[in-house]
Structure formats: structure tokens, C-alpha cells
Amino acid sequence: MRAVTWQGKRDVRVENVPDPEIREPTDAVIRVTSTGLCGSDLHLYEVLTPFMTPGDILGHEPIGIVEEVGAGVPDLQAGDRVVVPFQIACGNCWMCLTGLPTQCETTQVHGEGMGAALFGYTRLYGSVPGAQAEYLRVPQAQYGPIKVPEGPPDDRFVYLSDVLPTAWQAVAYADVPQGGSIAVLGLGPIGDMACRVAQVKGAGRVFGVDLVPERLRRARSRGVETYDLRSFDDEKELIEAIRDETDGRGPDAVIDAVGTEAHGSAAAKLAQQATAVMPRKLSGPFAERFSIDRLAALYTAIDLVRRGGTISLSGVYGGMADPMPMLTLFDKQIQMRMGQANVRRWSDDIIPYLTDEDPLGVEDFATHRVPLSEAPHAYEMFQRKQDGAVKVLMQP
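The text that follows walks through the structure, step by step, so that each part is easy to find. (Residues numbered from 1 in each chain as written. Predicted model: local features only at pLDDT ≥ 70, side-chain atom pairs only at ≥ 80, totals over all residues. Heavy atoms only, no water.)

1. Describing the state of the cysteines
So, step 1. Within the structure shown, the criterion is met by zero disulfides.
So, step 2. The thiol of C104 is unpaired, and the distance to the nearest cysteine sulfur, on C90, comes to 3.7 Å. (Disulfide = S-S within 2.5 Å.)

Below you can see the structure in the form of C-alpha cells.
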């Protein structure tokens, strides 16, 4: 089959690889019909290279048709249409039953000290072949895949794999009071969708911050009060502008949908780039102990949120030596919640919104649809924020 493989920093290729097969009774194999390019994939493209191996198959946002199931998968059969969550979880352990499938005790990557295995996401999360491919082997298929009806286009349901539950969890963790205010930093796919979720869940005012004109226009068209970071001399001016709209206090909650590659962190960017070009034998151990994030967005969130407010982190962070302003966090009595989205925890809550009325705008959420063969160009375009790219779907 054809699949998107990682070969090095900013080097992805579409190659022929072996077809996946059933290995365990709880496996399934699906034929992928659409698969997303995620902002998290760009971290592999750029800063998490020490944890990658040439030939790794990328991707974790698929929808497709079941081709084959193992004997331990009673509720799926060939021909079913399914969305596959990005994490691999059993559904039966204590963590899964508590609503934390990202911490699944069956699939935790114990050798790396990490949570549940993820599709297409570094050795830290199990080096599981990913979903930017013609076919995908799905472990723990007795729990993970979400059956969806035939008929509507893939775009109606594909975002159940990651974008929708990640944005939904970000808003849930933000704990915005009914009619309250929330600021979303970063209007890429997750930030954009988080704004939409916040609106349908009853937030009174939604502020969106970015510096890409197309992303700002897109959010503004849906009623988000947008702020262009380039219009301010520094983050403090931006913070004051939003505070002025919230009685001088700041919003009740802030979602950081940017993560480790925030603009405005020059020293940290240099450190990340240095790690990415180290010899592989050195880069991995160094990154595990001394890696740092670009924290400009998180620092802005800490300054911006009102006292006693909540910060919700949905942007991916991977640093092990990050300096945190503990005095400010403590003094402002800020609550913080974070983590990979627990897809099956939220999927049943989200599905009622995926109706013909489409209140979340999923059917026109993708800005680009390309063949899988154009994946290298898609990665470059998305990473450079060219051609208005916000969300890219690929069709094998």
C-alpha cells in the first residue's frame, strides 16, 4: 500500500509499505477513505524529530471502511463505516472506565513512561503505524472505532478522530460559566473549532487571537471577536485590549491552542532546532531530559486570564525543563487543565451536533482536500501557513 512516511526533519515521502494484517484477536483493518493532517503532525515535522525513526508512518485522523476484523471484535463487521480515535485504548481498564482512555492501562507505553499508545506519533507513544495511508491496522478495535452512518460525506464525521474531541475537551476543561468569556490563543484547526464549541455551549463572548489573516477572517465570520497579534507592539498591549472588554479583569478562561511552537520564543526555538540536528544517539536522550518548549502563548495565557480563572491547554507541549512563573500562577489562583483528548469520553456528547443543520460547520471546515500522493506538499503548505491552509484532508 501507499503511505506517508517520515524520513527526517521537514522530509516526508509517500512510499510503498507492506499492507497491514490482523495480528491479535482484537485487531481490525480498515480501508482509509479520508485522513487529516493535524497541527500535531507538524511537531513531528519540525521539533520532535529526536523521537522519530525514518520510515515511521504518520497520521492519526482517519475515517474509513472496515475490511477485516479479528475474532475478539464482536461489534464490527466488514463494510462498517468507522472513525478511528487517535489514541489506542481497551475500554475495560480502570483508566478507560474513569473516562481517561488517553491513560489506558492496557496500552500505556511503559518503556517510555508515557500514557496510551497513539497512531503515528513517535516511539514515545509506541511507534504504531499511522493513518495517512491506504489501510490501517486498528488495535483494540473492540472499543476504539466509532461507527457512523453511510450517506453524509466524510467531512461530517472525520473530525471525531481528533479535532472535535480535542476542542470539546479544551472547552470542557476551561469550565467557562454560562454566558462567561473565553479567549482562544491560536486559530488553527483546534483553536478555530474550540471557538465554535464554546459558542454552542453557551459562552457569552469568545475572543480569538492569531497572526494569520485567513485564520482571523475565518473565525470572525462565525462571530468570534478577533485580535491580530501583529497589530500590537507586544503581548502586554494585546492583554490590555482584551481586559478592556472584560471589565478590566480578563476573560474567565483561556485556551492555549498553540503549544510548543509558539511565535515569540526565539531562544527556545534555537534550542529546539539544535536538538533536531544532533546525531540521533545524542538527540533522543538530550530531549528526554533537557528539552524546552516555546512558551510565549502559555505565558500570555497566564497573564491574560482573570484571577481565579482557568487555563486549558490543548496545544501539544513536550518540554522537560520548562521554566514556569509559579509566583504568578499561585498569586492569581489560576487553575490549569491539560492533556491529550479522551476521544471516547466525549464522542457521544458530540455526535448530536453532527446533524444536517451542522451547527459546528464541519462540512466546510477543511480548507484543502488533496490526494495522499500530494502529502509532502500539504505538509510544507500547512507548516508555512500558505494558501490559507487551516485544515487539510487527504484521500488515499
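2. Here's the deal with the environment of I350
So, step 1. By secondary structure assignment, the location of I350 is in helix α12 (residues 343-350).
So, step 2. On the basis of relative accessible area, I350 is assigned to the buried category, the value being 0%.
So, step 3. The sequence separation of I350 and L164 amounts to 186 residues, and the corresponding C-alpha distance is 7.5 Å.
So, step 4. Apart from residues lying up to four places away in sequence, I350 is in contact with L160, L164, P165 and W168. (Helix = DSSP H or I, 4+ residues; strand = E, 2+ residues; numbered from the N terminus. Buried < 20%, exposed > 50% of the residue type's maximum accessible area, 1.4 Å probe, protein only. Contact = heavy atoms within 4.5 Å.)

3. A few points about helix α10 (residues 296-304)
So, step 1. Counting buried residues in α10 gives seven out of nine residues, a clear majority hidden from the surface.
So, step 2. Where α10 is concerned, the buried positions are A296, A297, L298, T300, A301, I302 and L304.
So, step 3. The secondary structure elements touched by the buried residues of α10 are β9 (181-185), α7 (235-244), β12 (253-256), β13 (310-313), α11 (326-331) and β14 (335-338).

4. Examining the sheet that holds strand β1 (residues 2-8)
So, step 1. What the three strands build is an open sheet, ordered β2-β1-β4; its pairing is antiparallel. The open sheet has two edge strands with one neighbour each: β2 (11-16) and β4 (56-57).
So, step 2. Sheet analysis places β1 next to β4, joined by two bridges and oriented antiparallel. Within β4, the residue paired with W6 across the bridge is D56.
So, step 3. Along the sheet face, helix α13 (residues 375-383) touches β1 and β2 and points at about 160° away from the line of β2. (Pairing = 2+ DSSP bridges. Axes fitted to C-alpha atoms, helices over the stretch in contact; angles between N-to-C directions.)

5. Concerning the nonpolar core
So, step 1. One finds Y159, L160, L164, M193 and I255 to be the most contacted residues of the largest nonpolar core, which totals 71 residues.
So, step 2. Residue contributions to this core peak at eight residues, all from helix α4 (residues 163-174).
So, step 3. Discounting residues that sit within four places of it in the chain, M193 has contacts with V163, L164, A167, L360, V362 and F365.
So, step 4. Listed in part, the 20 residues of the second largest apolar core include V209, Y227, A241 and L298. (Core = buried A, V, L, I, M, F, W, Y, C linked by side-chain atoms within 4.5 Å.)

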